[in-house]
There are 2 protein chains.
Amino acid sequence: MFSKACEYAIRASIYIARQSMTDKRASLIDISQEIASPVSFTSKILQQLVKAGIIYSIRGQNGGFGIDAAARSTKTIANIVTAIDGDAIFIDCGLGLKECSSTQPCPIHQKFIGIRNELKLVLDSTSIEEVASGLKDGETYLKR
Amino acid sequence: MFSKACEYAIRASIYIARQSMTDKRASLIDISQEIASPVSFTSKILQQLVKAGIIYSIRGQNGGFGIDAAARSTKTIANIVTAIDGDAIFIDCGLGLKECSSTQPCPIHQKFIGIRNELKLVLDSTSIEEVASGLKDGETYLKR
DNA sequence: ATCAATTCGGACAATATTATCCGATTAAAT
DNA sequence: ATTTAATCGGATAATATTGTCCGAATTGAT
Ligand code: SF4
Ligand code: SF4
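Figured I'd write up the structure that's included with this text. (Residues numbered from 1 in each chain as written. Chains lettered and ligands numbered in written order. Predicted model: local features only at pLDDT ≥ 70, side-chain atom pairs only at ≥ 80, totals over all residues. Heavy atoms only, no water.)

So, about the environment of T42(B). Position of T42(B) among the secondary structure elements: in helix α3 (residues 39-51). Using a relative accessible area of 1% as the deciding quantity, one classes T42(B) as buried. (Helix = DSSP H or I, 4+ residues; strand = E, 2+ residues; numbered from the N terminus. Buried < 20%, exposed > 50% of the residue type's maximum accessible area, 1.4 Å probe, protein only.)

Given below as structure tokens:
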């Protein structure tokens, strides 16, 4: 459904949020350890998230990554997905047919659009904080 | 959502079905022309569909591909997806988190499982024939 | 029997995605 | 100032996906 990069981005964001909630900063090493992802690749992805304004980074000693309280509650899983994978999954026809023409749609168009919209709705309405605080003692859930 | 190969497979199956419904056989050249896909790549995909028992092929002059009436009505879009992409999309957690544990699920588990199940339901309950016959004069819908 | 039209199968090539490496930069601690 | 711990950014490599090529096999038509 999502790219590997996007999955790492989601997992990393959740871990970083959990750390930030207790004012701890997350280092790249910690993050890739906790979410079971390749270190250098994760680095690139975190940079993208920083550029997208979803997380922040601080360089130098005692640096690391964090998500401030505002971003935790306003940024959603959908924001992460869009930042990494773009919005194709929210827009493209799943069947790979020609772009949706609502004037003469294919037979399963209504069902399909329904699923796509529901997916968007769920990801749009799920803040990073919501997922992070719901995962009580479950860091292991962030691994594969 | 699906791989390119899978999208071609779906489009090709629909076109072949439409041809078979009027007892015409579809050649590789015709198919890739009609669904706007690379010829040789499409060839590989059609071979997979043949092996999966979704379409049949006949070699030699006046050969080509077809889908018999039984397969048209019993084989579903889900069958095509599974044949080409496997069933990861029906099974894996979309967030890329650890495999779903219903004992201690993540906060959005219920919503997510709902979407996944609905997707499976739709694709499972949509026969190739249903889509093919719904696309009346819309071959162009099979292109990109 | 030969030819032409077709699928099949294997090897190969191009591209995209995933992943690694390393020097540059930044900032705190000593 | 120097050292140390960290992110940043660019080049490179490995792998997966997508796409091409071509000869072999099959079948119908001449
Ligand atoms: S009409 Fe059918 S093929 Fe087109 S976007 Fe909608 S579901 Fe996809
Ligand atoms: S519990 Fe959450 S993370 Fe796990 S499979 Fe369900 S939706 Fe995905």
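Right, picking up where we left off after that structure.
What follows covers helix α1 (residues 4-20) of chain B. For the α-helix, the turn length of 3.6 residues means that residues three or four positions removed from each other point alike. Here α1(B) spans 24 Å end to end across 17 residues, near enough to the 24 Å set by a 1.5 Å rise per residue. With 16 of 17 residues buried, α1(B) is to be regarded as a mostly interior element. (Expected span 1.5 Å × (residues − 1).)

Let's shift gears to the protein's contact with DNA strand D. DNA strand D sits among 22 residues. The nearest are L28(A), K44(A), S57(A), R59(A) and R59(B). At the protein interface, 65% of the atoms of DNA strand D within 4 Å belong to sugar or phosphate. Interatomic distance of 2.4 Å between a side-chain N/O atom of S57(A) and a phosphate oxygen of DNA strand D. R59(A) has a polar side-chain atom sitting 2.5 Å from a sugar or linking oxygen of DNA strand D. No other element matches the 3 residues that α3(B) contributes to the surface near DNA strand D. Looking at side-chain class alone, the surface near DNA strand D contains 6 nonpolar, 11 polar and 5 charged residues. (Near = heavy atom within 4 Å. Polar contact = N/O pair within 3.5 Å; in protein donor to acceptor, adjacent residues only side chain to side chain. Nonpolar A, V, L, I, M, F, W, Y, C, P; charged D, E, K, R; others polar.)

The immediate surroundings of DNA strand C are formed by 22 residues, with P38(A), R59(A), K44(B), S57(B) and R59(B) found nearest. If you look at DNA strand C and keep only atoms within 4 Å of the protein, 66% of those are sugar or phosphate atoms. Q61(A) places a polar side-chain atom, nitrogen or oxygen, 3.3 Å from a sugar or linking oxygen of DNA strand C. Among the secondary structure elements, those contributing two or more residues to the surface near DNA strand C are α1 (4-20) and α3 (39-51) of chain A together with α3, β1 (56-58) and β2 (64-66) of chain B. The element contributing the most residues to the surface near DNA strand C is α3(A), with 3 residues. In terms of residue class, the surface near DNA strand C is made up of 6 nonpolar, 11 polar and 5 charged.

Residues and elements named next belong to chain A. One pass over the full model with this rule turns up 4 salt bridges over all chains. D124 is the salt-bridge partner of K120, the closest N and O atoms lying 2.9 Å from each other. With K120 and D124 both in helix α7 (residues 109-124), this residue pair falls 4 residues apart, about one helical turn. Using a relative accessible area of 34% as the deciding quantity, one classes K120 as partly exposed. (Salt bridge = Lys/Arg side-chain N within 4 Å of Asp/Glu carboxyl O.)

Another point: the nonpolar core. The biggest cluster of nonpolar side chains holds 82 residues, and the ones touching the most others in it are I31(A), V81(A), L123(A), I31(B), V81(B) and L123(B). With residues near it in sequence (within four places) discarded, I31(B) still touches A12(B), Y15(B), I16(B), A26(B), T42(B), L46(B) and F65(B). (Core = buried A, V, L, I, M, F, W, Y, C linked by side-chain atoms within 4.5 Å. Contact = heavy atoms within 4.5 Å.)

Quick look at the packing of aromatic side chains now. Residue and element names in this part refer to chain A. Counted according to the given criterion, the structure contains 2 aromatic pairs over all chains. For the ring pair Y8 and F41, a centre distance of 5.9 Å and an interplane angle of 85° mean the geometry is edge-to-face. One end of the pair, Y8, is in helix α1; the other, F41, is in helix α3, with 33 residues separating them in the sequence. Stacked on the ring of F90, the Lys or Arg K120 has its end atom at 5.0 Å from the ring centre. (Phe/Tyr/Trp six-rings, centres within 6.5 Å; stacked < 30°, edge-to-face > 60°. Lys NZ or Arg CZ within 6 Å of the ring centre and 35° of its normal.)

Time to look at the packing of α3(B) against helix α5 (residues 77-85) of chain B. Residues and elements named next belong to chain B. With their axes 10 Å apart at the nearest point, α3 and α5 run at an angle of 115° to one another. It follows that α3 is roughly perpendicular to α5 by the angle criterion. As α3 packs across α5, the resulting crossing turns out to be right-handed. Counting all contacts with α3, which are made through I45, Q48 and L49, the residues of α5 involved are I80, A83 and I84. (Axes fitted to C-alpha atoms, helices over the stretch in contact; angles between N-to-C directions. Parallel < 35°, antiparallel > 145°, perpendicular 65-115°, else oblique. Left-handed = near helix turned anticlockwise from the far one by under 90°.)

With that out of the way, let us pick up unusual backbone geometry. Residue A36(A) is not a glycine yet carries a positive backbone phi of 55°. Within the secondary structure, A36(A) sits in the loop between α2 (28-35) and α3. Accessibility expressed as a relative area gives 39% for A36(A), which makes it partly exposed. At N62(B), a position not held by glycine, the phi torsion is positive, near 60°. With respect to the helices and strands, the residue N62(B) is situated in the loop between β1 and β2.

Our focus in this paragraph is the side chain of Q19(A). Checked against the element boundaries, Q19(A) lands in helix α1. Excluding residues that lie within four positions of it along the chain, Q19(A) makes contacts with K24(A) and A26(A).

The topology assignment puts S13(A) in helix α1. Once you skip the residues sitting within four places of it in the chain, S13(A) turns out to touch L49(A), I67(A), I80(A) and I128(A).

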